[in-house]
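As a plain string of letters, each chain reads:
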Amino acid sequence: MVFQGASNLALDAKGRLSVPARHREVLQLLCQGRLTVTKHPDGCLMLFPRPTWEVFRDKVAGLPMSAAGWKRVFLGNAMDVEIDSAARVLISPELRESAGLDKDVVLLGMGSHFELWDRKAHAAQEAEVLAGPMPESLKDFSF
């Protein structure tokens, strides 16, 4: 399964995120609505379907001791969640705070997983990327 596209969403007062309808059925089939949420190095959160998380987790766990700090970032902050009967996922206060999530958020499909951004932070990050030079790896890319 490949997740793609952006969804502008709002966290409710308890920090719950409504899973967009276009992803619900696939997530139920793929992982019975079980997800894992953790920090991303760019300041957002990553949401993984559980089977995808398990592959990522095993890769991170296998990193050498020189990457112990990154193991703590990814594994030490991971929270298992489930899509509830109202198609919502609870984002813990600790993870919301670390990503600066208050109310207005953007959920981005990133292929095998999702990123969850504060809406203003995402707009600023995207503007920064677009204002910068194109990476060498994309210069010969054809559209």
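Our structure is the block above this text.
Student: Can you lay out helix α1 (residues 21-31) for me, pointing to particular residues and giving the numbers?
Tutor: For α1, every residue scored as buried is listed here: H23, L27 and C31. In an axial view of α1, the angular spread of the buried residues amounts to 35°, which keeps them on one side of the axis. In α1, the exposed positions angled more than 90 degrees off the buried face are occupied by A21, E25 and L29. Residues of α1 that are buried sit in contact with β1 (3-10), β3 (34-39), β4 (45-49), α2 (50-61) and β8 (114-118).

Student: With reference to specific residues and values, describe the pairing of β3.
Tutor: Relative to strand β5 (residues 79-82), β3 runs antiparallel, the two being bridged by four bridges. Directly across from L35, in β5, lies its bridge partner V81. As paired elements, β3 and β4 share five bridges and run antiparallel to each other. Within β4, the position partnered with T38 by the bridge is M46. The turn joining β3 and β4, which pair antiparallel and follow one another in sequence, is formed by five residues; a positive phi near 100° is taken by G43.

Student: Just give me the short version of the packing of α2 against helix α3 (residues 68-75), but keep the residues and values in it.
Tutor: In contact at an axis separation of 10 Å, α2 and α3 are set at 160° when each is read in the N-to-C sense. It follows that α2 is roughly antiparallel to α3 by the angle criterion. Both α2 and α3 take part in a crossing whose hand is left-handed. Only K71, F74 and L75 of α3 make contact with α2, whose side of the interface consists of W53, F56, R57, V60 and A61. A per-class count over the contact of α2 with α3 returns six nonpolar, no polar and two charged.

Student: Account for a nonpolar patch on the surface, naming residues and giving values.
Tutor: Taken together, the side chains of M134, L138, F141 and F143 make up a nonpolar region of the molecular surface, amounting to roughly 500 Å² of accessible area. Considering the arrangement of structural elements, one finds F143 in the segment after α6 (136-139). Overall, F143 belongs to the exposed group, its relative accessible area being 87%.

What counts, and where the lines are drawn
Residues numbered from 1 in each chain as written. Predicted model: local features only at pLDDT ≥ 70, side-chain atom pairs only at ≥ 80, totals over all residues. Heavy atoms only, no water. Buried < 20%, exposed > 50% of the residue type's maximum accessible area, 1.4 Å probe, protein only. Helix = DSSP H or I, 4+ residues; strand = E, 2+ residues; numbered from the N terminus. Arc of directions from axis to C-beta. Contact = heavy atoms within 4.5 Å. Pairing = 2+ DSSP bridges. Axes fitted to C-alpha atoms, helices over the stretch in contact; angles between N-to-C directions. Parallel < 35°, antiparallel > 145°, perpendicular 65-115°, else oblique. Left-handed = near helix turned anticlockwise from the far one by under 90°. Nonpolar A, V, L, I, M, F, W, Y, C, P; charged D, E, K, R; others polar. Patch = residues over 30% accessible without salt bridge, like charges linked within 9 Å, V, L, I, M, F, W, Y side chains within 5 Å. Areas by Shrake-Rupley, 256 points an atom, 1.4 Å probe, with all protein chains shown as cover. Salt bridge = Lys/Arg side-chain N within 4 Å of Asp/Glu carboxyl O.

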